[in-house]
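# Observations on the three-dimensional arrangement
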Amino acid sequence: MATRKTVNRLSSDDRINDIMAAARAAVTEKGYEKVLISEIAERAGVVEGTIYRYFENKRDLLVKVAEAWFGEALAEDSRIDSIDGTMNKLRHLAWRTLTIIRHEPVLARFMLLELRPDPSYRGSPFFDLNQRFTSDALRVCKQAIASGEFHDDVSAPMLRDMLFGCIEHRTWAFLRGEGEFSIEEVADGVAKVIYRGMLAQPVATATSTDKLDAITARLEQVVQSLKSG
């Protein structure tokens, strides 16, 4: 009697994960505009029809890939509560975002160019992910305003938007493949612009006594130089 060969079939979830992994690799390598469904199918080891069983079209597949990528970023602890000082917190949040963009420029560009301008964006899962991702910045700004460290005439949501708007503007050429940026330099600059602009009490300057002592010291130097002359 012939022995039947056992065929191990992947579950739907495993098949979807394989397809999404193949799509992410292809997009990272070639850019989302140039990737074809046939290439993704070949990478995943399936026929094109299998992909259309789980995804409406290429855009639907790439949206799911982008959502998974953003979910990974959210799953990582921002460590914001372990950092002291509002300035340092803002700088860290800027640095974290810039690092994500540097590591995944194609998906970041897909998010900014394709997903966010979509009329249905605000009702999409991606909008909720973005709100969660930016919530740390919102919380830091709210706390600074509530404590009196920041002026209260600019809202925390606007400050959050300024933070991420500056980051987007400074990285746009890089995302188009037309330039570079320094993570450290941009993080420092963005944090300083917001912090110094919103600080309720200016950084302490020299006191009158300090100024008087400095003038006296200079006069003494002049006197000594005259005597020696």
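All of these numbers come straight from a predicted model, not from anything done at the bench. (Residues numbered from 1 in each chain as written. Predicted model: local features only at pLDDT ≥ 70, side-chain atom pairs only at ≥ 80, totals over all residues. Heavy atoms only, no water.)

### Notes on the layout of surface pockets
Within this model, the largest pocket holds a volume of roughly 480 Å³. Lining the largest pocket we find 23 residues, and of these Arg-116, Asn-130, Thr-134, Phe-164 and Glu-168 sit closest to its centre. Broken down by secondary-structure element, the contributors of at least two residues to the lining of the largest pocket are α4 (58–75), α5 (86–103), α6 (105–115), α7 (125–133) and α9 (156–175). Here the residues of the lining of the largest pocket are counted per class, giving 13 nonpolar, five polar and five charged. Considering only enclosed or pocket space, the second largest pocket measures out at about 290 Å³ in volume. Those elements that provide at least two residues to the lining of the second largest pocket are α4 and α5. The leading source of residues in the lining of the second largest pocket is α5, at six residues. (1 Å grid on protein atoms, 1.4 Å probe; cavity = no way out; pocket = protein on both sides within 12 Å on 5 of 7 lines; lining within 4 Å. Points joined across faces, edges and corners; volume = space filled by probe spheres on them. Helix = DSSP H or I, 4+ residues; strand = E, 2+ residues; numbered from the N terminus. Nonpolar A, V, L, I, M, F, W, Y, C, P; charged D, E, K, R; others polar.)

### Topic: the pattern of salt bridges
If charged atoms from side chains of opposite charge come close, those side chains can pair. Under the definition given, this model contains 15 salt bridges. Linking Asp-81 and Arg-139 is a salt bridge whose minimum nitrogen-to-oxygen distance equals 3.1 Å. Of this pair, Asp-81 sits in the loop between α4 and α5 while Arg-139 sits in helix α8 (residues 135–146); the two residues are 58 residues apart in sequence, bridging distant segments of the chain. Residue classification places Arg-139 among the partly exposed positions, given a relative accessible area of 31%. Beyond isolated ion pairs, a larger network of salt bridges with shared partners links Arg-24, Glu-72 and Glu-104. (Salt bridge = Lys/Arg side-chain N within 4 Å of Asp/Glu carboxyl O. Buried < 20%, exposed > 50% of the residue type's maximum accessible area, 1.4 Å probe, protein only.)

### Digging into the environment of Leu-138
Within the element layout of this structure, Leu-138 appears in helix α8. Note: C-alpha distance between Leu-138 and Arg-160 (22 residues apart in sequence) is 5.5 Å. If near-sequence neighbours (up to four positions away) are discounted, Leu-138 is found in contact with Ala-156, Pro-157 and Arg-160. (Contact = heavy atoms within 4.5 Å.)

### Details of the confidence of the model for the protein chain
Of all residues in the protein chain, 84% attain a pLDDT of 70 or more, and the chain-wide mean is 86. The element-level mean pLDDT for the protein chain is lowest in helix α11 (residues 208–228), coming to 56, with α8 highest at 97. Every residue in residues 1–8 is under pLDDT 50, and counting partners more than four places away or in other chains gives zero contacts. (pLDDT = per-residue confidence, 0-100.)

### Considering the environment of Asp-153
As for its placement among the helices and strands, Asp-153 is situated in the loop between α8 and α9. Asp-153 sits 45 residues away from Met-198 along the chain, and the two C-alpha atoms are 9.1 Å apart.

### Here's the deal with α7
Inspection of α7 places Phe-126, Phe-127, Leu-129, Asn-130 and Phe-133 among the buried residues, and these make up the whole buried set. Down the axis of α7, the sector holding all buried residues measures 160 degrees, keeping them to one side. On its buried face, α7 is in contact with α4, α5, α6, α8 and α9. (Arc of directions from axis to C-beta.)

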